[in-house]
Amino acid sequence: MRKEDTVKLISAEGYEFIIDKKAAMVSQTIRNMLTSPGSFAETEHGEVTFPEISTVILEKICQYFYWSLQYASGKETEFHIEPELTLELMMAANYLHT
């Protein structure tokens, strides 16, 4: 996969998730960060740092992005969320507009 087809999402702990750009675009916030006019670091480098989102939550968000693409294409499967992650995940989803 080419670098320009991927996005690097970095958690509060510094863990890096490299995902398809198409999957990342599920988030309106990430889409805006990557497509805004001007010379923003996120646009130039294709990476976004989330200092308030933990690694565990960001990993689940990345899983959701891929699940959302599959669901949109007609593949209906269940997306399991562990109860202990619910509150943090809801706050992150609200921030990311997903």
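For the structure itself, consult the block above.
What you see is a predicted model, and the numbers here were worked out from it, not measured in a lab.

## Notes on the pattern of salt bridges
Scanning the entire structure with this criterion turns up three salt bridges. The salt bridge involving lysine 8 is made with glutamate 16; its shortest N-O contact spans 3.5 Å. As a salt-bridge pair, glutamate 82 and lysine 60 come within 3.4 Å of each other at their nearest N and O atoms. A residue pair is termed long-range when its members are at least 10 positions apart, and glutamate 82 in the loop between α4 (55–72) and α5 (86–96) and lysine 60 in helix α4 qualify at 22 residues.

## Brief notes about the nonpolar core
Note that soluble globular proteins tend to have their nonpolar side chains buried in a common cluster. Counting 21 residues, the largest nonpolar core has Leu9, Ile30, Phe50, Ile53 and Ile61 as its most contacted members. Elements with a minimum of two residues in this core: β1 (6–10), β2 (16–20), α1 (21–24), α2 (28–35), α4 and α5. With five residues, α4 is the single largest residue contributor to this core. The contacts of isoleucine 53, once residues within four sequence positions are left out, are Ser11, Ala12, Glu13, Leu58, Ile61, Ala92, Tyr95 and Leu96.

## Focus on the sheet that holds strand β3 (residues 47–49)
What the three strands build is an open sheet, ordered β2-β1-β3; its pairing is mixed. At either end of the open sheet lies a strand with only one pairing partner, and these are β2 and β3. Each strand axis lies, on average, 20° off the axis of its neighbour in the sheet, ignoring direction. Packed on one face of the sheet, α4 meets β1 and β2 and runs near 5° to β2.

Analysis parameters
- Residues numbered from 1 in each chain as written.
- Predicted model: local features only at pLDDT ≥ 70, side-chain atom pairs only at ≥ 80, totals over all residues.
- Heavy atoms only, no water.
- Salt bridge = Lys/Arg side-chain N within 4 Å of Asp/Glu carboxyl O.
- Helix = DSSP H or I, 4+ residues; strand = E, 2+ residues; numbered from the N terminus.
- Core = buried A, V, L, I, M, F, W, Y, C linked by side-chain atoms within 4.5 Å.
- Buried < 20%, exposed > 50% of the residue type's maximum accessible area, 1.4 Å probe, protein only.
- Contact = heavy atoms within 4.5 Å.
- Pairing = 2+ DSSP bridges.
- Axes fitted to C-alpha atoms, helices over the stretch in contact; angles between N-to-C directions.

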